[in-house]
Amino acid sequence: MTTEQRKPLIEVKHLCKSFKDAQGNMEEVLEDISVDFYEGDVAFIVGPSGAGKSTFLRCLNRLEDATGGQIFFEGVNILDNKVDIDRHRQKMGMVFQQFNLFPHLCVMDNLTIGPVKLQGLTKDQAEERAMKLLERVKLADRARSYPNQLSGGQKQRIAIARSLCMEPDVMLFDEPTSALDPEMVGEVLEVMRELANDKMTMIVVTHEMAFAREVANRILFMADRQILEENDPVNFFENPKNERLKAFLDKMI
Amino acid sequence: MRIREDFYLNFIKDDRYMYLLSGLVNTLLITIVAVVVGILLGFLLAYVRTTHDKTGKWKIANAFCQLYITVIRGTPMVLQLLIVYFVIFASVNVPKIIVAFIAFGLNSAAYVAEIIRAGIMSIDKGQSEAGASLGFSYTQTMLYFILPQAIKNVLPALGNEMIVLLKETSVAGYIAMNDLTRGADIIRSQTYSAFMPLLMAAAIYLFFVMIFDSLVKKLERNLKNSDH
């Protein structure tokens, strides 16, 4: 199946982003990035730290404000200031490195507050939806627990379920396993693997190279503020062309 | 029995205890209304200040709030009370208790604003990002996620501010308000005996501060139980 014939779900055009550093100088972190993501894509973004991977991901739902370019999501340029970004964010789930669960709400309320307040679901409808997701991440028995009572791996699975509870069209993962103890990484990856099998559109920033190779249909290599190479998993690892990527992969082993 | 006679003279004779009782009612009334005014206005000030700090919007409103907080915190309460009574309401006939509500409320708001602002700033940025990423607006995120956690964090400080306010109202006598302190002082001036009325007033303040304190502690415990 060729992805070129389909209409992209997310179309990034000439995206630029610069920060002002402590001295007041402009420092560029993303330099003219153009890339398309399609429905059903499981796109992994890898690369050395400081390359701008997370910044790029956070620009996609405008947690970071881009300084130039356009991002079309479902046909709308969401970088346009007239756009109601809150409405579009409902369709873009995001999973954070630090989980960011709401500690004052129980697990169930963490999941249902979005659908109830933003999508007009009744509490019962939302809880029904949430319960299915909690079963999917195998934490149905923790519905009435508070986040502080959960392990890191459990928290991240709840965070994934919370995003899914809004029934988004795309899920953004920002280093979802980087803050976890090694023995908890597996359970989170398992949930992500199932999501990918269910054809959820996913864009994942990660350092889990083996997992990327197993699950992704596209891998993007980011370094020096740009996407330097993109390929399917096999060719990405077997036939890297870019010198930076070759050096990066060498260091990985 | 000196004490017995003293007690009779200062509190029972001519129903003098009524000075304390009516004074206490005024003191509590002023405190309660000022706390409510202070919290409402303080929230508003804190909301403007943090919104400016986080988003860069509302420059003029923020400058005004900052000026307000600086002036109120930088001048004595007694002077503020006198200014509200003798300057702002100089030509209008307003009941003194209303003047006290306004003066103490405005004063408390400045302190409450800074307490709540500190609370909001203490909440991790990830919380607002999580709210935003689900599609909540800035105001909704504040209301559902940031403020509930912020208030819990600053509850001891807020409770302390209320206790300070309760005692601070004792300067209401400067505009001839009959509050608890002034009630005790009136008895003293009539009986020429200072010990009994002044210590009684002090004991009553202490009693209410302790009640207040235990209520705040109880609330803290309840909030704490709700998540761990």
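Residues numbered from 1 in each chain as written. Chains lettered and ligands numbered in written order. Predicted model: local features only at pLDDT ≥ 70, side-chain atom pairs only at ≥ 80, totals over all residues. Heavy atoms only, no water.

All names here are of chain A. Read across the sheet, six strands follow the order E6-E7-E8-E3-E9-E10 without closing on themselves; strand pairing throughout is mixed. Two strands close off the open sheet at either side, each with one partner strand: strand E6 (92-95) and strand E10 (226-231). Taken over all neighbouring pairs, the strand axes of this sheet differ in orientation by 20° on average, direction set aside. Sheet analysis places strand E7 (residues 170-174) next to strand E8 (residues 202-205), joined by four bridges and oriented parallel. In the sheet register, Asp174 faces E8, and the bridge partner there is Val205. Helix H1 (residues 53-60) rests against strand E3 (42-46), E6, E7, E8 and strand E9 (218-223) of the sheet, and its axis sits at about 150° to E7. Of the strands in this sheet, E6 and E7 touch helix H5 (residues 152-164), which is tilted by about 170° from E6. (Pairing = 2+ DSSP bridges. Helix = DSSP H or I, 4+ residues; strand = E, 2+ residues; numbered from the N terminus. Axes fitted to C-alpha atoms, helices over the stretch in contact; angles between N-to-C directions. Contact = heavy atoms within 4.5 Å.)

Attention shifts here to the interface of chain B and chain A. If you look at the interface, chain B gives 21 residues, while chain A gives 25 residues. Approximately 1900 Å² of surface area, both sides summed, lies buried where chain B meets chain A, with 60% of it carried by carbon and sulfur atoms. Our enumeration of links across chain B and chain A arrives at one salt bridge. Here chain B and chain A share five residue pairs in polar contact (both at pLDDT 80 or more) between them. If you list the elements that add at least two residues to the side of chain B that touches chain A, you get helix H6 (125-134) and helix H7 (138-168) of chain B. Here the side of chain B that touches chain A takes nine residues from H6 of chain B, the largest share from any one element. Classifying every residue of the side of chain B that touches chain A by side-chain character gives seven nonpolar, ten polar and four charged. (Buried area = accessible area lost by both parts, 1.4 Å probe. Salt bridge = Lys/Arg side-chain N within 4 Å of Asp/Glu carboxyl O. Polar contact = N/O pair within 3.5 Å; in protein donor to acceptor, adjacent residues only side chain to side chain. Nonpolar A, V, L, I, M, F, W, Y, C, P; charged D, E, K, R; others polar.)

Taken as a whole and assessed by the stated rule, the structure comprises 29 salt bridges over all chains. Ionic pairing is found between Lys17 of chain A and Glu64 of chain A, a salt bridge with its closest N-O pair at 3.9 Å. Here Lys17 of chain A is found in strand E1 (residues 10-20), whereas its partner Glu64 of chain A is found in the loop between H1 and strand E4 (68-73), with 47 residues between them in sequence. The burial state of Lys17 of chain A is the same as that of Glu64 of chain A; both residues are buried. Arg58 of chain A is the salt-bridge partner of Glu64 of chain A, the closest N and O atoms lying 3.2 Å from each other. Note on Glu64 of chain A: relative accessible area 16%, which makes it buried. Several salt bridges share partner residues, and in doing so they unite Lys17, Arg58 and Glu64 of chain A together with Lys125 and Glu129 of chain B into one network. (Buried < 20%, exposed > 50% of the residue type's maximum accessible area, 1.4 Å probe, protein only.)

All names here are of chain A. One finds Phe44, Leu111, Ile160, Met171, Phe173, Met192 and Met202 to be the most contacted residues of the largest nonpolar core, which totals 50 residues. Counting residues per element, this core draws most heavily on helix H6 (residues 182-197), at eight residues. In this structure, Leu9, Ile10, Leu57 and Met94 belong to the second largest nonpolar core, which totals 41 residues. (Core = buried A, V, L, I, M, F, W, Y, C linked by side-chain atoms within 4.5 Å.)

Our next topic: a nonpolar patch on the surface. Judged by side-chain polarity, Leu79, Ile83, Phe86, Val87 and Ile88 of chain B come together as a nonpolar surface patch covering roughly 490 Å² of accessible area. You can call Leu79 of chain B partly exposed: its relative accessible area is 43%. (Patch = residues over 30% accessible without salt bridge, like charges linked within 9 Å, V, L, I, M, F, W, Y side chains within 5 Å. Areas by Shrake-Rupley, 256 points an atom, 1.4 Å probe, with all protein chains shown as cover.)

Let us now look at unusual backbone geometry. Glycine aside, a negative phi is what most residues show, and trans is what most peptide bonds show. Positive phi values are uncommon outside glycine, yet Arg225 of chain A reaches one of about 70°. Assessed through its relative accessible area of 34%, Arg225 of chain A is described here as partly exposed. One non-glycine residue, Asp14 of chain B, lies in positive phi territory at about 55°. The topology assignment puts Asp14 of chain B in the loop between helix H1 (2-12) and helix H2 (17-55). The class for Asp14 of chain B is exposed, based on a relative accessible area of 57%.

All names here are of chain A. With respect to topology, four strands assemble into an open sheet ordered E2-E1-E4-E5, the strand pairing being antiparallel. The open sheet is flanked by strand E2 (26-37) and strand E5 (76-77), the only strands paired with a single partner. Judged from the two bridges that link them, E4 and E5 form a sheet pairing that is antiparallel. When the bridges of E5 are listed, Phe72 appears paired with Asn77. Against the sheet, H1 touches E1, E2 and E4, its axis set at about 120° to E1.

What follows is about the packing of H2 of chain B against H7 of chain B. Residue and element names in this part refer to chain B. Orientation of H2 relative to H7, taken along the N-to-C sense of each, is 140°, at an axis distance of 11 Å. Our classification of the angle between H2 and H7 gives oblique. Classified by chirality, the crossing of H7 by H2 is right-handed. Contacts between H2 and H7 pair Thr27, Leu28, Thr31, Ala34, Val35, Ile39, Phe43, Tyr47, Thr50, Thr51, Lys54 and Thr55 from the former with Tyr138, Thr139, Met142, Leu147, Ile151, Met162, Leu165 and Leu166 from the latter. (Parallel < 35°, antiparallel > 145°, perpendicular 65-115°, else oblique. Left-handed = near helix turned anticlockwise from the far one by under 90°.)

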